[in-house]
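Chain by chain, the residues run as shown.
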Amino acid sequence: MTTDLVRGDDDLLRCGWVGADLEYCRYHDEEWGRPLHGDRALFEKLSLEGFQAGLSWITILRKRPRFREAFDGFVPQRVAAFGPDDVERLMRDAGIVRNRAKIEATISNAALVSEMADGELDALLWSFAPPPRSDRLSSLSAVPAVTAESEALSKTLRKCGFRFVGPTTMYALMQSSGMVDDHVVGCVRAIQA
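Residues numbered from 1 in each chain as written. Predicted model: local features only at pLDDT ≥ 70, side-chain atom pairs only at ≥ 80, totals over all residues. Heavy atoms only, no water.

- An unreviewed UniProt entry annotates the protein chain as DNA-3-methyladenine glycosylase I of Microbacterium sediminicola.

Structure follows, in structure tokens:
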């Protein structure tokens, strides 16, 4: 067995990045790589991926319940209405990542999403989803960090005024929201797909 796969307590093989963490295991099995739709849900993913930049995803995953509370369920119209007092409140909240630039970007991005027609964010993001691969990736080292599609998505979102949407962050969004399926050969999710 290689580090590309890890065997869980349930004797199932999963992508090696899961390790032994039960929350990561649940996330891998139930969320990562599964198609996600809806403006609110995708705005949440976009925001959390932005907060993850420079950190590990498990840090964000463990803080996600508090993020949801602090950002009013990531309802774009509610977050767009946040003002300076909300920014200061969030900067004092140890339950989230207290990064002023990321907090302000989330509020700014919410304003952009709230100006879109219903379903427009979903359609925009998914328009950059590449066609499914003909073959499953054989190793974690084969999983890209950036693709032409994630670069194009990043460029388009930046042109619209979105922040914290770099190409690596956008590829992580594509993975987590199921626009791409990067479960490697031998992973239980690869077998189920």
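Let's pick the thread back up.
### Considering helix α6 (residues 100-114)
Phase 1 of the analysis: Its 15 residues place the ends of α6 21 Å apart at the C-alpha level, agreeing with the 21 Å of an ideal helix rising 1.5 Å per residue.
Phase 2 of the analysis: The inward-facing, buried residues of α6 contact α2 (39-52), α4 (76-80), α5 (84-91) and α7 (120-126).
Phase 3 of the analysis: The backbone nitrogen of Ala101 has a side-chain oxygen 3.1 Å away, supplied by the residue at the start of α6, namely Asn99. (Helix = DSSP H or I, 4+ residues; strand = E, 2+ residues; numbered from the N terminus. Expected span 1.5 Å × (residues − 1). Contact = heavy atoms within 4.5 Å. Polar contact = N/O pair within 3.5 Å; in protein donor to acceptor, adjacent residues only side chain to side chain.)

### Observations regarding helix α9 (residues 167-176)
Two residues of an α-helix separated by three or four positions point the same way, owing to the 3.6 residues in each turn.
Phase 1 of the analysis: For α9, the buried fraction is high: 8 of the 10 residues fall into the buried class.
Phase 2 of the analysis: Among the residues making up α9, those that are buried are Thr169, Met170, Tyr171, Ala172, Leu173, Met174, Gln175 and Ser176.
Phase 3 of the analysis: Positive phi appears at Gly178, one or two residues downstream of α9, with a value of about 80°. (Buried < 20%, exposed > 50% of the residue type's maximum accessible area, 1.4 Å probe, protein only.)

### A word on the packing of aromatic side chains
Phase 1 of the analysis: Overall, the coordinates contain 9 aromatic pairs when judged by the stated rule.
Phase 2 of the analysis: Their ring planes at 70° and their centres at 4.9 Å tell us that Trp17 and Trp32 sit as a pair that is edge-to-face. One end of the pair, Trp17, is in the loop between β2 (13-15) and α1 (22-30); the other, Trp32, is in the loop between α1 and α2, and 15 residues separate them in sequence.
Phase 3 of the analysis: Among the residues examined, Trp32 registers a relative accessible area of 8% and is labelled buried.
Phase 4 of the analysis: Ring geometry for Phe43 against Phe74: centres 6.1 Å apart, planes inclined by 65°, an arrangement best described as edge-to-face. On the criterion of sequence distance, the pair formed by Phe43 in helix α2 and Phe74 in the loop between α3 (57-70) and α4 is long-range, its members being 31 residues apart.
Phase 5 of the analysis: On the accessibility criterion, Phe43 (0% relative accessible area) is buried.
Phase 6 of the analysis: Phe74 sits in the buried class, given a relative accessible area of 0%.
Phase 7 of the analysis: These aromatic residues form a ring-pair network of at least three members: Phe43, Phe51, Phe67, Phe71, Phe74 and Phe82.
Phase 8 of the analysis: The ring centre of Phe82 lies 5.3 Å from the NZ or CZ of Arg89, which sits over that ring. (Phe/Tyr/Trp six-rings, centres within 6.5 Å; stacked < 30°, edge-to-face > 60°. Lys NZ or Arg CZ within 6 Å of the ring centre and 35° of its normal.)

### Let's talk about the side chain of Asp29
Phase 1 of the analysis: Structurally, Asp29 can be placed in helix α1.
Phase 2 of the analysis: There is a polar contact of 2.8 Å between the side chain of Asp29 and the side chain of Arg14.
Phase 3 of the analysis: In terms of polar contacts, Asp29 uses its side chain to reach the side chain of His28, at 2.8 Å.
Phase 4 of the analysis: Once residues within four sequence positions are removed from consideration, Asp29 is found in contact with Arg14, Arg34, Val188 and Arg189.

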